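Structural characterization, general
So the chains spell out like this:
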Amino acid sequence: MATTPTRTRPRTRPPAPVPRTPPAWAPVLGIAAGTVAVLLLLADRHGYDGDELYFIAAGRHLDWGYADQPPGVPLLALLADTLAPGSLRVLRLPAIVATGAGAILAALLARELGGDRRAQWLTAAAHALALGALGRLLSTAALDIPLWTLLTWLVVRWVRLRREGVTRDRLLLAAGAVVVVAMQIKFQIVVFCLALSVAALLCGPRGFLARPPLWAGAGLAALSVVPALVWQHRHGWPQLRMGEVIAAEVAQRDGQAVNLALMVLGLGPVLGMVLGLYGLWRLLMDREPAGFRFLAVAALLVTGFVVLTGGRAYYIHGVFPVLWAAGAIGFQRRRAAREAAAGRRAGWAVYPVIAASAVWPLLDLPLQPPESYIDKAPHRFDKRSEIGWPQLADQVGALYHRLPTGTRARVVLMSDDYWVASALAHFGPARGLPPVHSGSRGYWFFGAPPADRTVVLHVGHPDPALRAHFGVARQVATVDNGLGIATEYQGRPVYFLSRPKEPWTRIWPELQYLDSHRPHITAGHASYPHGPGAVVCPRQGASRATCSGCRASTTASR
């Protein structure tokens, strides 16, 4: 009996590996080193930023979680201030190094997508020009963005090797380790991971989601955040409420349209904007680099989430490096096509573009001395939040030491703002000041004053709930840094409160507030506070936006 031969489907071979251009180490490391050198040089130009002081205070109350962040940055601040007390360079070193590393990772990402040497250093340059100034302060964003870039590089490398027939699942496990670290800095990495997963389901590569090491890494990341989640549960999930507070602050300060414009401007003027938008278009159209459309979709999903939830503009900065890389590769392909058509090497005016793009970071660097702010109105890029903290502690210290000895033993310092409370906690011990407490944001969770501290020296307008529990509340001074600089806290009142009607165990639960714009009582009538982003008129005690005798207007809130 004749048998019918079975047909076998020819096995498809994976595409041959595309040769990678060697890393452009010389220009890329030069860009990264130059960025680090500039940031280190300017690191002690002014003083502490208010958030940096808060990180140090949070580190002194180290815990598994906080109302507004995971424990990573407070831990770094604690280590820096313990190893080198008072050193701004040491405190800011992690952010500075992370910013330089971010430029290198962005260049390696461009290489992984097929970028030549020029595409690599252009991507590094776009990163340095757009995000370099962000790394001059210790912040969650300065550390978070490079971790997003590293995560993107690991995913892109896995996808590329998989298409070339090489399965290197340890890259996915490493991606899980990166998420573990990022979750200790900022929880927004979860949004990026979900966006990548949804984009992979929509556009491919879907097999990426079926790899066991990916889920092992996800499980590791989930386990790492359990202590923080337990802390949040025990304290009423303040992190979720902080999202609502931030959305309200963004809407009040800028509005949705301006915030969206700031997101786009975050790409950086000229070079970053051109590369970013062009790269987004090329990825969406699946042009070279082909097969990575899911990265553009993930970037749009992250942006849409931040817009809908009212997040701050910089929350999306972590998706920028891959867009810059894709844009640089797009111009690389265009240049190669022109060279093939013309039969000669084609150039393009990149250096004037880079020179024009350098204006943006220069505006955001502390190039001017503090004296340049004397008698000048605030603006978005000035650095007044880094000026006047020691002088504030000096003034409060002078008030405290004027009090009778018996009264001083019962005094507790308080403030309606966590920046002020953090500054007094940092500079106060050297001036013999007592402990500092505040109901503002995460500071409330540091605990109530001791029961025997029944006299309050309060910087700022006391909360109505606080005033209601004291028989005496009178203003004893007005904040004056003596520098002639209208900082955010210049002109705020200092109150003396005594004769408490209830113990702190009854008072303290009423003082918690995450919103920095709570109503206060001034001069016997209700009004809204100036908030942490307002400059106060020393003559009227009102926001300069409402004082016709002052030229300054309210500044951008943090």
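Residues numbered from 1 in each chain as written. Predicted model: local features only at pLDDT ≥ 70, side-chain atom pairs only at ≥ 80, totals over all residues. Heavy atoms only, no water.

1. Some points on the nonpolar core
- In terms of nonpolar packing, the biggest core is built from 147 residues, with Leu151, Val302, Trp389, Leu424, Leu457, Trp504 and Leu511 touching the most fellow members.
- If you tally residues by element for this core, the top one is helix H6 (residues 140–163), at 12 residues.
- By size, the runner-up hydrophobic cluster in this structure holds seven residues, among which are Leu39, Ala43, Ile96 and Ala133. (Core = buried A, V, L, I, M, F, W, Y, C linked by side-chain atoms within 4.5 Å. Buried < 20%, exposed > 50% of the residue type's maximum accessible area, 1.4 Å probe, protein only. Helix = DSSP H or I, 4+ residues; strand = E, 2+ residues; numbered from the N terminus.)

2. Considering the sheet that holds strand E5 (residues 493–500)
- The mixed open sheet is built from five strands, whose spatial order is E2-E1-E3-E5-E4. The sheet is open, and its two edges are formed by strand E2 (436–438) and strand E4 (470–478), each paired on a single side. Averaged over all neighbouring strand pairs, the angle between strand axes comes to 30°, with direction disregarded.
- Relative to strand E3 (residues 455–459), strand E1 (residues 411–415) runs parallel, the two sharing five bridges. By the bridge assignment for E3, valine 412 is matched with valine 456.
- Packing of helix H18 (residues 389–402) onto the sheet brings it into contact with E1, E3, E4 and E5, and relative to E3 it is tilted by some 150°.
- Packing of helix H20 (residues 418–427) onto the sheet brings it into contact with E1, E2 and E3, and relative to E2 it is tilted by some 170°. (Pairing = 2+ DSSP bridges. Axes fitted to C-alpha atoms, helices over the stretch in contact; angles between N-to-C directions. Contact = heavy atoms within 4.5 Å.)

3. Overview of the environment of arginine 410
- Turning to its location among the elements, arginine 410 is positioned in the loop between helix H19 (405–408) and E1.
- On the basis of relative accessibility, which here comes to 36%, the residue arginine 410 falls in the partly exposed class.
- A sequence separation of 24 residues divides arginine 410 from proline 434, and the C-alpha atoms of the two residues are 9.1 Å apart.
- The contact partners of arginine 410, leaving out residues within four places of it in the chain, are Asp452, Arg453, Thr454 and Val455.

4. A few points about the packing of helix H5 (residues 117–131) against helix H16 (residues 350–357)
- Viewed as axis vectors pointing N to C, H5 and H16 meet at an angle of 15°, and their least axial separation amounts to 10 Å. By the angle class used here, H5 and H16 are roughly parallel. As for how H5 packs across H16, the hand of that crossing is left-handed. Listed contacts from H16 to Trp121, Leu122 and Leu129 of H5 are Val350, Tyr351, Ile354 and Ser357.
- Considered class by class, the residues forming the contact of H5 with H16 number six nonpolar, one polar and no charged. (Parallel < 35°, antiparallel > 145°, perpendicular 65-115°, else oblique. Left-handed = near helix turned anticlockwise from the far one by under 90°. Nonpolar A, V, L, I, M, F, W, Y, C, P; charged D, E, K, R; others polar.)

5. Describing the pairing of E5
- In terms of burial, E5 is largely enclosed, as six of its eight residues are buried.
- Where E3 meets E5, four bridges bridge the pair, whose relative direction is antiparallel. Directly across from histidine 458, in E5, lies its bridge partner tyrosine 495.
- Pairing between E4 and E5: seven bridges, direction antiparallel.

6. Description of helix H7 (residues 170–183)
- An ideal rise of 1.5 Å per residue puts 20 Å on 14 residues; H7 measures up with 20 Å between its terminal C-alpha atoms.
- Buried residues belonging to H7 abut H6, helix H8 (189–203) and helix H9 (212–224). (Expected span 1.5 Å × (residues − 1).)

7. Here's the deal with the confidence of the model for the protein
- Put simply, the protein has an average pLDDT of 87, and 88% of its residues get 70 or more.
- Low pLDDT (under 50) marks residues 517–558, which in the prediction has 104 contacts with non-local residues, meaning those over four places away or in another chain. (pLDDT = per-residue confidence, 0-100.)

8. Brief notes about a nonpolar patch on the surface
- Taken together, the side chains of Leu62, Leu75, Leu79 and Leu83 present a nonpolar region at the surface, about 400 Å² in accessible area.
- Position of leucine 62 relative to the elements: it lies in the loop between helix H2 (50–60) and helix H3 (72–83). (Patch = residues over 30% accessible without salt bridge, like charges linked within 9 Å, V, L, I, M, F, W, Y side chains within 5 Å. Areas by Shrake-Rupley, 256 points an atom, 1.4 Å probe, with all protein chains shown as cover. Salt bridge = Lys/Arg side-chain N within 4 Å of Asp/Glu carboxyl O.)

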